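Listed below, chain by chain, are the residues.
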Amino acid sequence: MLSIDPSKNTERENYKFLIGSIIPRPIAFVTTLSKDAVLNGAPFSYFNIVSSNPPMISLSIQRRDGRQKDTARNIIDSKEFVVHIVDEQNVEKINKTAASLPPDQSEIKDANLTPVDSVKVSVPGVKEAKIRMECRLEQSLELGNEDSIGCDMIIGRVVQFHIEPDIYENGRIDPKGLAAVSRLAGTNYAKIGEIFSIERPE
């Protein structure tokens, strides 16, 4: 087996190794509000569950050349955001929001997504998602080394769930109805595909 020391790799080489091996990755589409009330939207695949009691999720927002992204800055400033699950029906529009726009320009408007008011936070969500979660900032961490900060680690507490009723029954979500997509490496995405079950041991 090939053995690689990440400290001998470039940042790009480590990035490619991680995104090529840790697959599939769920995608969070995150909306935030700037100090000037511009509705920002961006997708992130460094995303997962932290806890169910209380319900919390994590986002790792990578910096570019040490510069904090709009999403991280907005979350840290306002302490609120909305996370949406990316699915087969909205992935094309969500992909458009990955474009690098100036902070005073809304990716939501640019991608023809429809803002919808939230219940417990001031940040709107988007109508095109089957699931969205209103979040308040629980904790943020700057991660990196002495030379530069590499990312902003965001932990959010979910304060309100929203879900399409036709994919939710008896407290369970229909995975085929949700049709979530995930990120692979490069420009590749994956669908749910075949589902199989294995009983857990007692």
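Structure shown above.
Now for a description of the structure that goes with this document. Every value quoted in this text rests on a predicted model; they were computed, and no experiment measured them.

Criteria and thresholds
- Residues numbered from 1 in each chain as written.
- Predicted model: local features only at pLDDT ≥ 70, side-chain atom pairs only at ≥ 80, totals over all residues.
- Heavy atoms only, no water.
- Pairing = 2+ DSSP bridges.
- Helix = DSSP H or I, 4+ residues; strand = E, 2+ residues; numbered from the N terminus.
- Axes fitted to C-alpha atoms, helices over the stretch in contact; angles between N-to-C directions.
- Contact = heavy atoms within 4.5 Å.
- Core = buried A, V, L, I, M, F, W, Y, C linked by side-chain atoms within 4.5 Å.
- Buried < 20%, exposed > 50% of the residue type's maximum accessible area, 1.4 Å probe, protein only.

Side note on the sheet that holds strand S6 (residues 80-85)
Strand order in the open sheet made by the 7 strands is S3-S2-S6-S9-S10-S5-S4, with antiparallel pairing throughout. At either margin of the open sheet sits one strand with a lone partner, and together these are strand S3 (39-44) and strand S4 (47-52). Recorded for the sheet is a direction-independent mean angle of 35° between the axes of neighbouring strands. Strand direction decides the pairing type here: strand S5 (residues 55-62) and strand S10 (residues 149-163), joined by 7 bridges, are antiparallel. Bridge pairing links Ser58 to Ile155 in S10. Its contacts with the sheet place helix H2 (residues 70-78) against strand S2 (28-33), S3, S5, S6, strand S9 (131-144) and S10, and it is angled at close to 55° to S2.

Some points on the nonpolar core
With 22 residues, the main nonpolar core has Val30, Ile57, Leu59, Ile75, Phe81 and Val83 as its most contacted residues. In contact with Ile75, not counting residues within four places along its chain, are Val30, Thr32, Leu59, Ile61, Glu80, Phe81, Leu137 and Ile154. Val86, Ala111, Val159 and Val181 belong to the second largest nonpolar core, which has 16 residues in total.

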